[in-house]
Amino acid sequence: MSGDTADPQLQPRRQGLSRRQRRRLSQGVQYAVFAAVVIVFAVTADWGRLKNQFAQWSIAKQMFPDVITLALKNTVLYTLSGFVFGLVLGMVVALMRLSSVGPYRWLAGIYIEIFRGLPALLIFIFVGVAVPLAFPGTEIIGGTYGKVALALGLVSAAYMAETIRAGIQAVPKGQLEAARSLGFSQARAMVSIIVPQAFRIILPPLTNELVLLFKDSSLVLFLGVTLEERELSKYGRDLASTTANSTPILVAGLCYLLVTIPLSFVVRRMETKTGEAVR
Amino acid sequence: MTTPPGKPEIEVRGLHKAFGANEVLRGIDLEIGQGEVVCVIGPSGSGKSTLLRCVNLLEVPTKGRVFVGGTEITDPDVDIDAVRRRIGMVFQQFNLFPHLSVTENLTLPQRRVLRRDKTEAAKVAAENLRRVGLSEKATAYPASLSGGQQQRVAIARALAMGPEVMLFDEPTSALDPELVGDVLAVMRMLANEGMTMMVVTHEMTFAREVADRVVFMDGGVIVEDGTPAQVITNPRHDRTRHFLSRLLDPAMAEVDDEGSAP
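Residues numbered from 1 in each chain as written. Chains lettered and ligands numbered in written order. Predicted model: local features only at pLDDT ≥ 70, side-chain atom pairs only at ≥ 80, totals over all residues. Heavy atoms only, no water.

Trainee: How would you summarise the overall build of chain B if you had to cite specific residues and measurements?
Mentor: Within chain B, the secondary structure is distributed over nine helices and 10 strands. Its C-alpha atoms give chain B a radius of gyration of 18 Å, within 12% of the compact-globule value 18 Å for 262 residues. Considering chain B as a whole, with its 262 residues, one finds that 53% of them fall into the buried category. Partitioning the intrachain contacts of chain B with sequence separation of at least 6 by distance along the chain shows that 64% fall at a separation of at least 24. Measuring between centres, the 29 positive side-chain charges of chain B sit 6 Å from its 36 negative side-chain charges. (Helix = DSSP H or I, 4+ residues; strand = E, 2+ residues; numbered from the N terminus. Rg over C-alpha atoms; globule rule 2.2 N^0.38 Å. Buried < 20%, exposed > 50% of the residue type's maximum accessible area, 1.4 Å probe, protein only. Contact = heavy atoms within 4.5 Å. Lys, Arg positive; Asp, Glu negative; His and termini not counted. Charge placed at Lys NZ, Arg CZ, Asp CG, Glu CD.)

Structure representation (structure tokens):
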């Protein structure tokens, strides 16, 4: 808030608004638009009906503790099993992609293109229908949990393979040369020196992938699950139809945020930390 | 000390190296005897680093043969990892492993490559850190060390493998001027202990005082090879004289067509 110090004699005469005046005007317009949008929504929405449909305290109360001990627990289990399977498979695909053997590189490339290009929903249907058809009589180990791990893993492996490959390539070339000159074989240098450093680099994007998987675990309902195997989305939907009220959907949604928001916070923390640690 | 004692430790025969159409080395013959300290000097782009990297096969020669300790490392069937255990290498950019502490930088290669047990590796690591004067940094991480300290740790890491030959690729070029001395002191100590050393460097004082032989390279060939007195004090070739005058008195250099290579 400095005073008007400009001496008209010394300052070259400007046409129209000064830079500061233009900035103030622009900010003023932006605030006005924001306020207008908020007011329009607040006035036109029917808050009473929304509250009736989505925020019935009595219905929300009877969801506990099952929504946590059963639904959220299953969501977390599905996500983690899919993540672990995807990480292992993604690692293999990433190393194939970096292999000096041509067919491995092509195969990895094809895998990544296909599974990144397909909606996760189709993969779930494929695992639920095609796998039992193709291998009749075989059970996927772990029942529903195994199927979810397989479906989520197949999808996430494609993304994680690309992330891991980028991480490995981001480790400076001198690291591999130093390891090789000490007598490490190529494979041992990768395992002992390169991959540990690559994982530090890709920890934030991998955690992001975990958040995405957490949401994709809702697709398990296309595999057909028992009551005990329901996760947040299915549980919320089932309860919403029995109570003819959408409150369970809102509660399920809040449960997702309960996990994803802290995770995103952790990712941001890690990103600033790795940003500082880079040499 | 111009005649290397005994069989050469490093022997390079008719070495050629090309990157695509770019011929970096065009026929190098060089012998380095046991315990000899040879400094390789020359303008950037002269191929001196490439030559050094060919000696432990970080670069694969296009043509020619390289022997280290009597083993031909250019033989396609050689166990290169076994040969490299006998050759220590120090890089311009140190290349310490940033995710490991100083001690772990020294112990991990011993344990994974030489299969030494934990106590043995720790003992060798401590001993070599002491030699480079960094015992008190044993638990530090590379990022918290100065460039000079990092380079000394890198030397200790190479020494912990018990090499017979040490290769130095411009070990002081990435250091602030006041940190160069500590690294050179460690290298001088190694030279006095009788280590066979091949050093690519721009440090003329070090070359003059420590080296048994100085090799001047330009344009992918060895132009001059002799004692420091011969090559640095009384160079016979114009190219050597030109290079040395630019290096020793850069402010007096004149603008010429050659300029300095990229």
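Trainee: An account of helix H7 (residues 143-170) of chain A is requested, with residue identities and associated values reported.
Mentor: Along an α-helix, a turn takes 3.6 residues, which lines up residues three or four apart on a common side. Its 28 residues place the ends of H7 of chain A 39 Å apart at the C-alpha level, agreeing with the 40 Å of an ideal helix rising 1.5 Å per residue. Residue Ala 157 of chain A marks the point of greatest curvature in H7 of chain A, where the axis turns by about 35°. (Expected span 1.5 Å × (residues − 1). Bend = angle between axes of the 7 residues up to and from the residue.)

Trainee: Pulling in residues and values, what's your account of the side chain of Asp 81 of chain B?
Mentor: Relative to the helices and strands, Asp 81 of chain B resides in helix H2 (residues 80-84). Non-local contacts of Asp 81 of chain B, meaning those with residues more than four positions away in its chain, are made with Arg 180, Gly 183, Phe 184 and Ser 185 of chain A.

Trainee: Describe the sheet that holds strand E3 (residues 37-41) of chain B, naming the residues involved and giving the relevant values.
Mentor: All names here are of chain B. Here six strands make up an open sheet; going across it, the order is E6-E7-E8-E3-E9-E10 and the pairing mixed. Edge positions in the sheet fall to strand E6 (87-90) and strand E10 (221-226), since each has one partner strand and no second. Averaged over all neighbouring strand pairs, the angle between strand axes comes to 15°, with direction disregarded. Pairing of E6 with strand E7 (residues 165-169), which is carried by four bridges, proceeds in the parallel orientation. Across the sheet, the residue bridging to Val 90 is Phe 168, located in E7. (Pairing = 2+ DSSP bridges. Axes fitted to C-alpha atoms, helices over the stretch in contact; angles between N-to-C directions.)

Trainee: Can you break down the interface of chain A and chain B residue by residue, with the values?
Mentor: Contacts between chain A and chain B engage 18 residues on the former and 23 residues on the latter. Roughly 1,700 Å² of surface becomes buried between chain A and chain B when both sides are summed, with 59% attributable to carbon and sulfur atoms. A per-residue breakdown of the area chain A buries against chain B is headed by Glu 177, Ser 181 and Leu 182 of chain A, which together make up 33% of the total. Summed over the shared surface of chain A and chain B, the result is two salt bridges. Between chain A and chain B we count six residue pairs in polar contact (both at pLDDT 80 or more) in total. Of all elements in the fold, only helix H8 (173-181) and helix H9 (186-216) of chain A reach the threshold of two or more residues within the side of chain A that touches chain B. Of the residues contributing to the side of chain A that touches chain B, the split by class is six nonpolar, seven polar and five charged. (Buried area = accessible area lost by both parts, 1.4 Å probe. Salt bridge = Lys/Arg side-chain N within 4 Å of Asp/Glu carboxyl O. Polar contact = N/O pair within 3.5 Å; in protein donor to acceptor, adjacent residues only side chain to side chain. Nonpolar A, V, L, I, M, F, W, Y, C, P; charged D, E, K, R; others polar.)

Trainee: Quick rundown of the nonpolar core? Include the residues and the values.
Mentor: Residues and elements named next belong to chain B. Ranked by internal contacts, the top residues of the largest apolar core, which has 82 residues, are Val 12, Leu 51, Leu 167 and Met 198. The residues touching Met 198, leaving out its near neighbours within four places in the chain, are Ile 10, Leu 30, Ile 32, Val 38, Val 40, Leu 51, Leu 52, Val 55, Met 166, Leu 167 and Phe 168. Ranked by size, the runner-up nonpolar core spans 45 residues in total, among them Val 132, Leu 134, Ala 158 and Leu 159. (Core = buried A, V, L, I, M, F, W, Y, C linked by side-chain atoms within 4.5 Å.)

Trainee: Explain the pattern of salt bridges to me, using residue names and the numbers behind them.
Mentor: Overall, the coordinates contain 24 salt bridges over all chains when judged by the stated rule. With a closest N to O distance of 3.2 Å, Arg 97 of chain A and Glu 162 of chain A form a salt bridge. Of this pair, Arg 97 of chain A sits in helix H4 (residues 66-97) while Glu 162 of chain A sits in helix H7, placing them 65 residues apart in sequence. Classification of Arg 97 of chain A by relative accessible area gives partly exposed; the value is 28%. Here Lys 48 of chain B makes a salt bridge to Glu 170 of chain B, at a shortest N to O gap of 3.8 Å. Here Glu 170 of chain B lies in the loop between E7 and helix H6 (180-192) and Lys 48 of chain B lies in helix H1 (residues 48-55), a separation of 122 residues in the sequence. Residue classification places Lys 48 of chain B among the buried residues on the basis of a relative accessible area of 4%. Connected via shared salt-bridge partners are Arg 97, Glu 113, Arg 116, Glu 162 and Arg 165 of chain A.

Trainee: Talk me through the packing of aromatic side chains; I want residue IDs and the actual numbers.
Mentor: Here the structure, examined in full by the defined rule, presents four aromatic pairs over all chains. Aromatic pair Tyr 78 of chain A and Tyr 145 of chain A: ring centres 5.1 Å apart, planes at 40°, arrangement tilted. You can see Tyr 78 of chain A sitting in helix H4 and its partner Tyr 145 of chain A sitting in helix H7, a full 67 residues away along the chain. Classification of Tyr 78 of chain A by relative accessible area gives buried; the value is 0%. The class for Tyr 145 of chain A is partly exposed, based on a relative accessible area of 29%. Its end group placed over the ring of Phe 97 of chain B, Arg 157 of chain B keeps NZ or CZ at 4.4 Å from the ring centre. (Phe/Tyr/Trp six-rings, centres within 6.5 Å; stacked < 30°, edge-to-face > 60°. Lys NZ or Arg CZ within 6 Å of the ring centre and 35° of its normal.)

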